[in-house]
Amino acid sequence: MPATRADLAANTGWRLAMWAAAWPVGAALQLQEVALKSMAVYAACIAIAVLLVVLAILGRRHAVAGISVALGLALLSFGVTGGRATVRLAEALPAALEARDLQVTGIVASLPQRTSNGLRFRFEVEQARFSGAAVSVPSVVSLGWYHGFDDDATPSAAQRQLRAGQRWSFTVRLRQPHGLANPHGFDQELRWFEEGVRATGSVRDAPAPRLIDPAAAHPVERLRQRMRDAIDAAVPEPRAAGVLTALAVGDQSAIEREDWELFRRSGVAHLVSVSGVHITMFAWLAGLAIGAAWRRSVRAMAWVPAPSAALWGGLIVALAYAVFSGWGVPAQRTVWMLAAVTLLRSAGLRWPWPLVLLTAASVVTVIDPWALLQPGFWLSFAAVGLLMASGDASVLSPTMASRDPQDSAAMPLPWWRQAFGRLRAAVTGGVRTQVVATVGLTPLTLLFFQQVSLVGFAGNLVAIPLITLLITPLALLGCIVPLLWSAAAATVTMLTAWLGWLAEGPGVLWSVGAAPWWAQAAGLFGAVLLVMPLPWRLRLLAVPLVWPMLLPPRDLPPVGQFDLVAVDVGQGTAVLVRTRHHLLVYDSGPQYAPEVDAGQRVLLPLLRARGEQRIDTLMLSHRDTDHVGGASTLLHNLPIAELTSSIEDAHPLRLQAQRLGIPARRCEAGQRWEWDGVHFEVLHPAAGDHALALRSNAISCVLRVRGASASDGSVLLTGDIEREQEIRLLRERPDALRSTVLIVPHHGSKTSSTAAFLDAVAPQVAVFQAGHLNRYGHPAQEVLARYRQRAIAPIDSPSCGAWSWRSGSGTGLPHSVCQRVEARRYWHWQPDPQS
């Protein structure tokens, strides 16, 4: 029986879908590689892929040919992505040049981002020298130029002079890209790799940096710089100026930390950065305007049809805005998606929406395969896909929404009824779109961020039209008519006041732990099912599907055992101790800058991902900022039953706890308690030590945690105690020191870890929590040698990342997890085998 036209169309559709999906599949497989293969292997993959496609073209069996093309495209994607990664990874900073003073000359390639303690910017290196000799360094590096950690520190004259597009001569210290590695944490090394940044570092103030050419390159970046400076000068209110700068030129660093917290709590954080929403909306608005203007000219319509002009005009405007706002990765993804859709429409291809979306995703992954690992990629495509699946099939082509005036000629209506009808349709469509996006994207948001704003629906309902249709256009038009910035600033002020009222109160954020993969898959399918145009009886099947993701099961230790996580916070200490029903957090990591700390960057996301809703005891060993830097963030954001520390009564953290009604007490030797069969005992300091004029290190809280039996293991947490305190513990409590795991005193400083102390503790594993290439030289080589002489396995956070261990399971590799080893990919930092 001959095939019908419908059968041929269906077969063609399935083949096109297979081919469109093949490239992302091949790229996704390559992104799972722990280490890159040789270039010869990737070249062979490309050759085999070409052969498969050629054989498919020459073959006659359509089914086999379709599969052969799909396999060839997937293999081609694997080989091309691997080859690109090999080339990019080869541009590495030699280990011998790390942390050395290098003299570099080059171009400020990006708009300098202002932080609380300095500037950060991308720098294109033209030449580099070390000790007078030319050396090879990566062509693109990320530099920080700091002016001090104190709140009253001010930028120097040279720092105030720094602008995009300038040529400078700097003395810098570089290092290979190295970020923190924690479970469910942000992969900064992937971000650097995707952006082509192959070294990071800081500018040295001596010898003095020298400006060579004030306008050497990057005219678009220089224009963005002038616009940012003009907004700063024209808008006196810093809060509004920061939002306008972020929307107009893509400088998110202009928004203050408190405002980011407000936008996150109200669910609109995605709107105050240049995202796919803004770029798509600009394409839509430009398409409507160009289409309407085009229809007024007979000559123009004879040259190019109005729908095509609207479509391409919208794409060009979107491209211009994306470039002007910094050409960030999310903006690039959106432009490539819109370009793919525009080409398909222009070619007259009326494909089903899933095929259009899949083709657009393939185009994005051809250009940027590493986008597959970014939440923004999935959120962007999921939002569009959900809207299309729920019935709005024109969402990817908003420029086609313009209608010919002749369409309404059949039934003329009074102008006021037409206007009211359009307004009602816009409001109804906006509410419906927001419902679909909120319901459909909630599981995906929980998957990536483990939290969702419960007031996000109301916040976005007001913020989306205000920001996309009013504030952002005014922010851009202000460069022509500066008075418009005042109107935009006033609107920002009103919006933030509304969001502040909406987000006040403790229950606006809903957090859940990270769900297992099967629960994530079921939850995503349930979200799609819920917004599909199906009978409600079928939609109700979504409830049991999303339930395991909304209330995920937790892997808690049994009674008598505990979980230990030595968190990777850089140069500082933070440890989680979890029993069956209780959580203790020992220290809170460092404060990285006046407005950035480990609590905000590391601990809160980690605790959310683990499903922790409260802290039973926050123990701060002593007052040093590398141990208490993140405590204020924890006190402000989580319920804490008790604060235990050695810090003085007048310390800001003790006062903050008092204001929040959190009981606080001093840690003193002899304090004991039991949680779920696990025993806790404070060994140091003595009660009278707090009244003595001792250094803060000397009164560090020393805590020993042991399971219900000897086989359940134990850990000794030591803060920054030094030789004198170790001797005192050996004299007063030698019987209480022996432990399975030792969190090494003072990060491995020369002043700690005496031989007698190590013999008394006799740990199987020693964990060094220290920063990568830290300025203190922790851990000291002579200290490491003492541990190795006693066959104590050293674990250091720069090489291991976060170290996780469950007591009672042994301490070998099968029973503990180094995050860097567990989640290693080829773009991650690896120690130099020669060192």
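Before reading further, recall that the structure is shown in the block above.
Here goes a summary of the coordinates provided. Treat the numbers as computed from the prediction; the structure is a model and nothing was measured. (Residues numbered from 1 in each chain as written. Predicted model: local features only at pLDDT ≥ 70, side-chain atom pairs only at ≥ 80, totals over all residues. Heavy atoms only, no water.)

Assigned secondary structure in the protein consists of 29 helices and 27 strands. Taking 2.2 N^0.38 as the reference for a compact globule, 835 residues should give roughly 28 Å; the C-alpha atoms of the protein span a radius of gyration of 30 Å, in line with that estimate. Overall, the protein is about 100 × 70 × 60 Å in size when its C-alpha atoms are taken along their principal axes. Taking all 835 residues of the protein together, the buried fraction comes to 49%. Within the protein, contacts between residues at least 6 apart in sequence are counted, and of these 70% link residues at least 24 apart. A total accessible area of about 38100 Å² is found for the protein, and carbon and sulfur atoms account for 63% of it. Of the side chains in the protein, 72 bear a positive and 60 a negative charge, and the two mean positions are spaced by 9 Å. (Helix = DSSP H or I, 4+ residues; strand = E, 2+ residues; numbered from the N terminus. Rg over C-alpha atoms; globule rule 2.2 N^0.38 Å. Buried < 20%, exposed > 50% of the residue type's maximum accessible area, 1.4 Å probe, protein only. Contact = heavy atoms within 4.5 Å. Areas by Shrake-Rupley, 256 points an atom, 1.4 Å probe, with all protein chains shown as cover. Lys, Arg positive; Asp, Glu negative; His and termini not counted. Charge placed at Lys NZ, Arg CZ, Asp CG, Glu CD.)

Spatially, eight strands are ordered β18-β17-β16-β13-β12-β11-β26-β27 in an open sheet, and the strand pairing comes out mixed. Of all strands in the sheet, those bounded by a partner on one side alone are β18 (664-666) and β27 (816-818). Averaged over all neighbouring strand pairs, the angle between strand axes comes to 15°, with direction disregarded. (Pairing = 2+ DSSP bridges. Axes fitted to C-alpha atoms, helices over the stretch in contact; angles between N-to-C directions.)

Judged by side-chain charge, Glu-237, Glu-256, Glu-258 and Glu-595 come together as a negatively charged surface patch. By the secondary structure assignment, Glu-595 is in the loop between β14 (591-593) and β15 (596-597). Judged by its relative accessible area of 34%, Glu-595 falls in the partly exposed class. (Patch = residues over 30% accessible without salt bridge, like charges linked within 9 Å, V, L, I, M, F, W, Y side chains within 5 Å. Salt bridge = Lys/Arg side-chain N within 4 Å of Asp/Glu carboxyl O.)

In this section: helix α7 (residues 238-249). Over its 12 residues, α7 extends 16 Å from the first C-alpha to the last, a length consistent with the 16 Å expected when each residue adds 1.5 Å. Counting buried positions along α7 yields 10 of 12 residues, so the element is predominantly enclosed. Within α7 the residues assigned to the buried category are Ala-240, Ala-241, Gly-242, Val-243, Leu-244, Thr-245, Ala-246, Leu-247, Ala-248 and Val-249. Looking one or two residues past α7, Gly-250 carries a phi angle of roughly 75°, positive in sign. (Expected span 1.5 Å × (residues − 1).)

Take the sheet that holds strand β21 (residues 702-706) next. Spatially, β19-β20-β21-β22-β23-β24-β25 is the arrangement adopted by the seven strands of the open sheet, whose pairing is mixed. Only two strands of the sheet have a single neighbouring strand rather than two, namely β19 (672-675) and β25 (793-796). Pairs of neighbouring strands in the sheet enclose a mean axial angle of 20°, with direction left out of account. Looking at chain direction, β21 and strand β22 (residues 714-717) are connected through four bridges and run antiparallel. When the bridges of β22 are listed, Arg-706 appears paired with Ser-714. Strand contacts of helix α27 (residues 781-789): β23 (741-743), β24 (765-768) and β25, with the helix running at about 165° to β24, the strand carrying the most contacts.

So, on to the environment of Gly-459. By the element assignment, Gly-459 lies in helix α16 (residues 456-477). Its relative accessible area of 0% is what places Gly-459 among the buried residues. Once you skip the residues sitting within four places of it in the chain, Gly-459 turns out to touch Ser-266, Val-268, Trp-498, Leu-499 and Leu-502.

Bringing the pairing of strand β13 (residues 583-586) into the picture now. Neither face of β13 is left uncovered, since the one carrying Leu-583 and Val-585 and the one carrying Leu-584 and Tyr-586 both have all their residues buried. The pairing of strand β12 (residues 575-578) with β13 spans four bridges and is classified as antiparallel. Along β13, the bridge assignment pairs Val-575 with Tyr-586. In this antiparallel pair of consecutive strands, β12 and β13, the connection spans four residues. Bridge analysis of β13 against strand β16 (residues 617-620) gives three bridges, and the strand direction is parallel. The residue bridging Leu-584 from the neighbouring strand is Thr-617, located in β16.

The geometry of helix α8 (residues 257-265) relative to helix α17 (residues 483-503) is characterised by a closest axis approach of 9 Å and an angle of 65° between their N-to-C directions. Between α8 and α17 the crossing geometry is left-handed. In this structure, α8 uses Leu-262, Phe-263 and Arg-265 to contact α17, whose residues at the interface are Thr-496, Leu-499, Gly-500 and Ala-503. For the contact of α8 with α17, the residue count by class is four nonpolar, two polar and one charged. (Left-handed = near helix turned anticlockwise from the far one by under 90°. Nonpolar A, V, L, I, M, F, W, Y, C, P; charged D, E, K, R; others polar.)

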